[in-house]
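Tertiary structure, described
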Amino acid sequence: MTTPATTTILLLLSLALFSASLSLMMADMSIIEYDNNHQSKSRTDEEIMNIYKKWMVENGKVYNGIDEFEKRFEIFKDNLVFIDAHNSENRTYKVGLNVFSDLTDEEYRSYYLGLKYDGDVQSVQSEPDSAVSPGEILPESVDWRTKGAVSPIRNQGQCGCCWAFSAIAAVESINKIVTGQLIDLSEQELVDCERASQGCKSGYIFTAFHFIIRNGGIDTEKDYPYREAKGTCNATKMKSKLVSIDGIKRVPSNNENSLKKAVAQQPISVGIEAYGKAFKNYVSGIFTGNCGTSIDHAVVVVGYGSEKGLDYWIVKNSWGTNWGERGYMRIKRNNVPGGRGEGKCGIAMQGTYPTKRGKAGVGDGVVSTA
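Here's a quick rundown of the structure. (Residues numbered from 1 in each chain as written. Predicted model: local features only at pLDDT ≥ 70, side-chain atom pairs only at ≥ 80, totals over all residues. Heavy atoms only, no water.)

Turning our attention to the pattern of salt bridges. All chains considered together, the criterion is met by 22 salt bridges. The salt bridge involving Asp143 is made with Arg145; its shortest N-O contact spans 2.9 Å. Put simply, Asp78, Asp105, Lys277 and Lys280 are held in one network by salt bridges that share partners. (Salt bridge = Lys/Arg side-chain N within 4 Å of Asp/Glu carboxyl O.)

What follows is the structure, encoded as C-alpha cells:
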C-alpha cells in the first residue's frame, strides 16, 4: 500500500527523469529533420513523442501538469500529420514544426492575429505616382534588407499587436532611407498609448502612423522597451520624440503593380489573411497555399523578386526568427495575371506607408514626401 509520501517521491523521480531526458537532447538542437515521404501515420508513438520532447526543448515549452502535456501532445501530433502530408507532395513551399506547433488554429488566431480591417484607410490620400504608366519600367527585383533599411526581426509573442510592429518597421525603414540612421523604435509606446487600437487585442496600422504624427515623433525601443502586454501609457517617455514622420499615404487598392512600384520606393505596411495551417506552419519557399482575403494580420513588404519563373513578395513578419525563413516569408506575387486584384492572401488590399521629407540616404528608390 502506497502512502502520500511515497506517491510524492515517485512523482518527483518521474519529473527528474523527464527533465534529464530533455537535457540530454540539448546536445543536438539543430533543425528537426524530416523524411518528406515519411508520413505521420507510419511513425510510431515513441518516435512522435521523441520529436515532441525535442521540440519542447528547442522552443522552451513547459506545461502545467501532465494533463496539459498530453493535451498539447495531441495538438502537436495533429500539426505533424499535416506537415508530413504537405511535404510529401511537390509544392513551392515547405511547412514544418515551429513555435505554433502545440496550438490549435483557433488559439493561433486569438494569440497572434490582431489586425482590424480599417475602412478609414480608403479616405487617406493614395499616391498618384503609384499607378504604373504604360511602358514604365520598374526594377526586376528589390530587397531593402540589402540596402540596410530593414531592422532586425522581432517577436510580438502572445500579444495581438502585429499592427504596431508593422507600423514601427515601416517608420524605421523610411527614417533610414531619408536620414541614413536605422533606429529601433518602440512598439510598446503604440500598444500603451495609441487609444484608437486595443493593445494586444487588435489595432490599426493607419491610426498607429497617425499617433506618431500627432505626437510629433516616437521613442526608441531601448528607452520604452516591449513587454508583450498592454500597460499604462508613460507620458514622460511620450515626450522623447526621437524619430518623426510627416504624413501617411496609401497604395491604390487591389493592384499588385501599384504595390510593386511603392515597394520599389520604400517598405510598405500591408494587411493579409494569415489564418490556417499552411500559413501557421510555413518554413520556407514561395507561399502559394490556401488563404482568403479576410485581413487579420499586419506585416511589411520589404521587397520582391522571382524564382524559377514564380514571382514573389518578401514579407517581414513579427514572430521571431524561428518562424519562416528566419522571420521572413516569400509569398506569391501576381496572383492574377497582369497584377490586378487583391493579391495572394489580400496583400494588395490595404497598403499604407509613412512619408518623411528629405533626400534618400541609401538605395536607388525614390523617397516619397508628404
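As a further point, take the state of the cysteines. Taken as a whole and judged by the stated rule, the model has three disulfides. Across a sulfur-sulfur distance of 2.0 Å, Cys291 and Cys345 are joined as a disulfide pair. Taking the torsion about the sulfur-sulfur bond, which here is approximately -95°, the covalent link between Cys291 and Cys345 counts as left-handed. Here the residue Cys291 occupies a position in the loop between β5 (282-287) and β6 (297-307), and Cys345 occupies one in the loop between β8 (328-332) and β9 (352-355), the gap between them amounting to 54 residues. Look at Cys291 and you get partly exposed, because its relative accessible area is 22%. When the cysteines of the chain that form disulfides are numbered from the N-terminus onward, they connect as 1-3, 2-4, 5-6. With no disulfide partner, Cys161 has as its closest neighbouring cysteine sulfur the one in Cys159, 3.4 Å distant. (Disulfide = S-S within 2.5 Å. Helix = DSSP H or I, 4+ residues; strand = E, 2+ residues; numbered from the N terminus. Buried < 20%, exposed > 50% of the residue type's maximum accessible area, 1.4 Å probe, protein only.)

Attention now goes to the packing of aromatic side chains. One pass over the structure, following the stated rule, counts 22 aromatic pairs. Their ring planes at 70° and their centres at 6.5 Å tell us that Tyr63 and Phe69 sit as a pair that is edge-to-face. Taken individually, Tyr63 and Phe69 each receive the classification buried, so the pair is uniform in this respect. Aromatic pair Tyr282 and Phe287: ring centres 6.3 Å apart, planes at 85°, arrangement edge-to-face. Comparing Tyr282 with Phe287, the two get one shared label, buried. Linked through ring pairs, Tyr93, Phe100, Tyr108, Tyr111, Tyr112, Phe279, Tyr282, Phe287, Trp319 and Trp323 together constitute an aromatic cluster. Its end group placed over the ring of Tyr275, Arg109 keeps NZ or CZ at 3.6 Å from the ring centre. (Phe/Tyr/Trp six-rings, centres within 6.5 Å; stacked < 30°, edge-to-face > 60°. Lys NZ or Arg CZ within 6 Å of the ring centre and 35° of its normal.)

Where helix α2 (residues 45-58) contacts helix α3 (residues 66-87), the axes come no closer than 11 Å and their chain directions differ by 105°. Of the possible angle classes, the one that applies to α2 and α3 is roughly perpendicular. On the side of α2, the interface is formed by Ile48, Met49, Ile51, Tyr52, Trp55 and Met56, while α3 contributes Phe69, Arg72, Phe73, Phe76, Lys77 and Leu80. (Axes fitted to C-alpha atoms, helices over the stretch in contact; angles between N-to-C directions. Parallel < 35°, antiparallel > 145°, perpendicular 65-115°, else oblique. Contact = heavy atoms within 4.5 Å.)

Turning next to the nonpolar core. One finds Leu190, Phe279, Phe287, Trp313, Trp319 and Ile347 to be the most contacted residues of the largest nonpolar core, which totals 92 residues. Per-element tally for this core: the top contributor is helix α5 (residues 162-179), with twelve residues. Non-local contacts of Ile347, meaning those with residues more than four positions away in its chain, are made with Glu256, Leu259, Val270, Gly271, Ile272, Val301, Trp313, Val315, Ile331 and Glu342. (Core = buried A, V, L, I, M, F, W, Y, C linked by side-chain atoms within 4.5 Å.)

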